[in-house]
Amino acid sequence: MFEFQQYLGFLLFLTILTIGFWLMIFLVGFVHYWLGGAIIELIKEKRAKRQAELEG
């Protein structure tokens, strides 16, 4: 079985892996939210510009 040193190394590996996994999930969600908001704002700006041109 594991010696104590190997057990600590395994726990450290699992901790780093778990932190990395949740950080990746957070960043993917944040980037998705950021890009979605930027695209929506771009569409709103284009609509406003087109509406301003039509009104004169």
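Residue indices begin from 1 for each chain and proceed along its sequence in written order. The model is predicted, so local features are restricted to residues of pLDDT at least 70 and side-chain atom pairs to those at 80 or more, both for listing and for counting; the totals for chains, interfaces and linings are taken over all residues. Computation of side-chain values: all heavy atoms of the structure, hydrogens and water removed.

1. Looking at the overall build of the chain
Alright, step 1. Helix and strand counts for the chain stand at 1 helix and 0 strands.
Alright, step 2. In this description the radius of gyration comes from C-alpha coordinates, and the expected globular size is given by 2.2 Å times residues to the power 0.38. Scaling as 2.2 N^0.38, a compact globule of 56 residues should have a C-alpha radius of gyration of about 10 Å, whereas the chain reaches 24 Å, well beyond that.
Alright, step 3. Overall, the C-alpha framework of the chain stretches about 80 × 10 × 5 Å when taken along its three principal axes.
Alright, step 4. Whether a residue is buried, partly exposed or exposed follows from its accessible area with a 1.4 Å probe, protein chains only, as a fraction of its type maximum: under 20%, in between, or over 50%, in that order. When each of the 56 residues of the chain is scored for burial, the buried share is 0%. Each helix is a run of H or I in the DSSP string that is no shorter than four residues. Each strand is a run of E no shorter than two, and both are numbered from the N terminus.

2. Some thoughts on the packing of aromatic side chains
Alright, step 1. Two rings from Phe, Tyr or Trp (for Trp, the six-membered ring) form a pair when their centres are within 6.5 Å of each other. A pair whose planes differ by under 30 degrees is stacked, one over 60 is edge-to-face, and the rest are tilted. Here the structure, examined in full by the defined rule, presents 2 aromatic pairs.
Alright, step 2. Measuring from ring centre to ring centre gives 6.2 Å for Phe26 and Phe30, while their planes differ by 20 degrees; the resulting arrangement is stacked. Taken together, the positions of Phe26 and Phe30, both in helix H1 (residues 4–55) and 4 residues apart, correspond to about one turn of that helix.
Alright, step 3. The class for Phe26 is exposed, based on a relative accessible area of 55%.

3. As for the UniProt feature "transmembrane region" (unreviewed entry) in the chain
Alright, step 1. UniProt positions are given in the numbering used here, feature names are shortened, and annotations may be inferred rather than shown by experiment. Residues annotated by UniProt as "transmembrane region" (unreviewed entry) correspond here to residues 12–40.
Alright, step 2. For residues 12–40, helix accounts for 100% and strand for 0%, while the C-alpha atoms at its two ends are 42 Å apart.

4. Topic: a nonpolar patch on the surface
Alright, step 1. On the surface, Leu23, Phe26, Leu27, Phe30, Val31, Tyr33, Trp34, Leu35, Ile39 and Ile43 cluster together to form a nonpolar patch covering roughly 1,100 Å² of accessible area.
Alright, step 2. Its location among the elements puts Val31 in helix H1. Patch building starts from residues that exceed 30% relative accessible area and form no salt bridge, then joins like charges within 9 Å and nonpolar side chains (Val, Leu, Ile, Met, Phe, Trp, Tyr) within 5 Å. With residues, only the protein chains shown are counted as cover, and all accessible areas are computed by Shrake-Rupley using a 1.4 Å probe. Here, a salt bridge means any Lys or Arg side-chain nitrogen found within 4 Å of an Asp or Glu carboxyl oxygen.

5. Here's the deal with the environment of Glu53
Alright, step 1. Relative to the assigned elements, Glu53 resides in helix H1.
Alright, step 2. C-alpha separation for the pair Glu53 and Gly36, spaced 17 residues apart in sequence, amounts to 26 Å.

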